[in-house]
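# An overview of the molecular structure
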Amino acid sequence: MNMRVLLAAAGSAALVLALFAARPPRPAEPETPPAARLSFAQYPLGESAQRGATVYARWCVGCHGPEGRGDGIASPLLSPPPRNFQLGKFKFRSTPSGELPTEADLLHTISCGLQGSAMPGFPLMPEPEKRDVVAFVRALTEYGLVKREVDYVMEDEELSLEQVLGERFAEIREEALADAYENVWPVAVPPEPEVDGAALAQGRKLYEQQCVACHGSSGRGDGPSNNHLRDGTDAPIRARDFTTGVFRAGSAPSDLFLRMKTGLNGTPMPAVSGSDDDLWAIAHYILSLRDPANAGFIHPTSCEAHAHTTVAAQSGAPAGAQAGEVAAPDTAPATQGAAK
């Protein structure tokens, strides 16, 4: 009896399986194609930016990529990685924390490079080409900002890209850029005070309160937090080793003052709290941590090195483009007026 029941059950199961096997498969649900998004080719460029695209393609695309995403062919080999211009997070600026750089800031970086990184200086590039490539880099950043706004409007108002381009794009772009450049102005750098023992003692006290966790007590970039630091893209980032005397955007006291006053956008380095006298004291103390063996070192890609080479070769005036010597642009879009 039990055997008959088992055989009947097995037969029923086989019949069910056979019926399912013979059943035609359910047709796949048609995939909804992703909504079209604003491409860089659709973003309007001014005349200077159009000229700058050629300069960029010649000198910058290998590291920063064709659309400025920091994804050039050489980028996997570089540490730190190349800047993603579309994110709008520029470390080295004269502007308040969180803001975009001025044209003069970008010109300074192009002329002088970033010491201790793969970003070289281009001091011999003709000035018009520098201004044009700066215009193109700013266009890449503006495109990233505007694209994010367009994406938001498309999702929030359930509009297609075609509708946005036809009805809303000019308004969205104008508002996004007005917002982005509203506070783009260089912060004031007061006159540098005299350095004495009392100032260095005050600088050391403030350094121990605000800087040791990342940069370490001796300034070697070996603080207890250093191994856990991440940048704005969640990539590992290390604190600066002050004993080398190598600072990305210049090693003058005024350069360090600006780094602390404005912070490094897209990194764990914030704008440092305190009075201007406090910041000067910390800057002077940091410079006192430099290893004496590195005291005479001038980084070969820096503006200082170019100036020394020019003096030796021509016995003329130093030719490096310092941050305070860069002329303001002749013209700027109305939305960028605050950048002057």
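## Here we look at the overall build of the protein chain
- Secondary structure assignment for the protein chain yields 12 helices and 0 strands.
- Starting at the N terminus and ending at the C terminus, the protein chain contains elements arranged as α-α-α-α-α-α-α-α-α-α-α-α.
- Looking at the protein chain as a whole, 39% of its 340 residues are labelled buried.
- The long-range fraction of contacts in the protein chain, counting pairs at least 24 apart against all pairs at least 6 apart in sequence, stands at 60%.

## Here we look at helix α7 (residues 169-181)
- Counted at 1.5 Å a residue, the expected span for α7 with its 13 residues is 18 Å, and the 18 Å between its end C-alpha atoms agrees.
- Three or more residues of α7 are buried, namely Phe-169, Ile-172, Ala-176, Leu-177, Ala-180 and Tyr-181. One face of α7 carries all of its buried residues, which in axial projection span an arc of 140°. Across from the buried face of α7, at angles greater than 90 degrees, the exposed residues are Ala-170, Glu-174, Glu-175 and Asp-179.
- Elements in contact with the buried residues of α7: α5 (127-157) and α6 (161-167).

## Things to note about a negative patch on the surface
- On the surface, Glu-149, Glu-174, Glu-175, Asp-179 and Glu-182 cluster together to form a negatively charged patch.
- The leading source of residues in the negative patch is α7, at 3 residues.
- You can see Glu-175 is positioned in helix α7.

The rules we used
Residues numbered from 1 in each chain as written. Predicted model: local features only at pLDDT ≥ 70, side-chain atom pairs only at ≥ 80, totals over all residues. Heavy atoms only, no water. Helix = DSSP H or I, 4+ residues; strand = E, 2+ residues; numbered from the N terminus. Buried < 20%, exposed > 50% of the residue type's maximum accessible area, 1.4 Å probe, protein only. Contact = heavy atoms within 4.5 Å. Expected span 1.5 Å × (residues − 1). Arc of directions from axis to C-beta. Patch = residues over 30% accessible without salt bridge, like charges linked within 9 Å, V, L, I, M, F, W, Y side chains within 5 Å. Areas by Shrake-Rupley, 256 points an atom, 1.4 Å probe, with all protein chains shown as cover. Salt bridge = Lys/Arg side-chain N within 4 Å of Asp/Glu carboxyl O. Lys, Arg positive; Asp, Glu negative; His and termini not counted. Charge placed at Lys NZ, Arg CZ, Asp CG, Glu CD.

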